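Here are the chains, one letter per residue:
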Amino acid sequence: GLEADVDATDVGQVFSLDGGPSVVYGYQNALNSKLQAALRARAGYAFDRALLYVSAGAAAADVRRHYAYNDGSSLNVYNASSWAKGWTLGAGFNYAVTDVWSFGVDYRFTKYNATHDIGPASGGSWEDYHDDTKLQTNAIRLGVNYRFGS
């Protein structure tokens, strides 16, 4: 079968570098994603009221980045946002409790292609700034399903 989903999420990480008390500079790089989507093909084996399956497909995520750099004389800030595309691979189990109700558990690994950012051309230390942002997620999802029209 074919499955599509859109997930609201709060995935993020912050990296900071402080020059310490004798050095007047600092750097911060923050990454977050609030929305992810996937289109997956599912294939499996059904026995009795159970279904074991694997899935694979395409994925996309809204990736937002915030960079801040203090070079000792000024604070430079740069924000970027883009859709990262990637792939997803997973496996799961569904069990039909009745003819219309089932529950399941699903594991999904998703890896997004790197997004490339280059800082603004002006702003001193930012002229040669380049960043490759990479995002990957692991998700375990529990579900309860109701089958209409049975």
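Up top is the structure these notes are about.
Rules behind the numbers
- For every chain, the first residue of its written sequence is number 1, and the numbers climb from 1 along that sequence.
- Owing to the predicted nature of the model, reporting of local features is limited to residues with pLDDT of at least 70; listing and counting of side-chain atom pairs is limited to 80 or more, with chain, interface and lining totals taken over all residues.
- Side-chain descriptors were evaluated using all non-hydrogen atoms of the structure, hydrogens and water having been removed beforehand.
- To qualify as a nonpolar core, a set must consist of buried Ala, Val, Leu, Ile, Met, Phe, Trp, Tyr and Cys residues joined through side-chain atoms within 4.5 Å.
- Relative accessibility under 20% of the residue-type maximum defines a buried residue, over 50% an exposed one, and the middle range a partly exposed one, all with a 1.4 Å probe and only protein chains included.
- Secondary structure is summarised from DSSP: a helix means a run of H or I of at least four residues, a strand means a run of E of at least two, and numbering begins at the N terminus for each.
- Contacts were defined at the residue level, with two residues in contact if any of their heavy atoms lie within 4.5 Å.
- Each salt bridge in this description consists of a side-chain nitrogen of Lys or Arg and a carboxyl oxygen of Asp or Glu lying within 4 Å of one another.
- Centres within 6.5 Å are what make two rings of Phe, Tyr or Trp a pair, Trp counting through its six-membered ring; a difference in plane orientation under 30 degrees is then read as stacked, over 60 as edge-to-face, and the rest as tilted.
- What goes into a patch is any residue over 30% in relative accessible area without a salt bridge, connected to like charges within 9 Å or, for nonpolar side chains (Val, Leu, Ile, Met, Phe, Trp, Tyr), within 5 Å.
- Under the convention used here, a 1.4 Å probe and the Shrake-Rupley method define accessible areas, while residue burial counts only the protein chains that appear.

1. Points about the nonpolar core
Looking at soluble globular proteins, one finds that nonpolar side chains tend to be buried together. By size, the foremost hydrophobic cluster in this structure holds 8 residues: L31, A38, A59, A61, V63, A84, Y112 and L135. Put simply, the parts of the chain that give this core at least two residues each are β2 (26-47) and β3 (50-70). Element by element, the count of residues in this core is highest for β3, at 3 residues. In this structure Y112 touches Q36, A59, A60, A61, A84, K85, G86 and L135, once residues within four positions along its chain are discounted.

2. Notes on the pattern of salt bridges
Opposite charge on two side chains lets them pair, provided their charged atoms get close. Scanning all chains against the criterion turns up 11 salt bridges. R49 is the salt-bridge partner of D99, the closest N and O atoms lying 3.6 Å from each other. Of this pair, D99 sits in the loop between β4 (75-96) and β5 (101-118) while R49 sits in the loop between β2 and β3, and the two are 50 residues apart along the sequence. For D99, a relative accessible area of 58% translates into the label exposed. Several salt bridges converge on common partners, so that one network encompasses E3, D5, D7, R40, R42, D106, R108 and R141.

3. Quick notes on the packing of aromatic side chains
Inspection of every chain in the model, using the stated rule, returns 5 aromatic pairs. By way of ring pairs, the aromatic residues W101, Y146 and F148 are connected into one cluster.

4. Looking at a nonpolar patch on the surface
Among the surface-exposed residues, V97, W101, F103, V144, Y146 and F148 lie close enough to one another that they form a single nonpolar patch of about 690 Å² accessible area. Of all the elements in the fold, those that place two or more residues in the nonpolar patch are β5 and β6 (130-146). Among the secondary structure elements, F103 is positioned in strand β5. The exposure class of F103 is partly exposed, given its relative accessible area of 40%.

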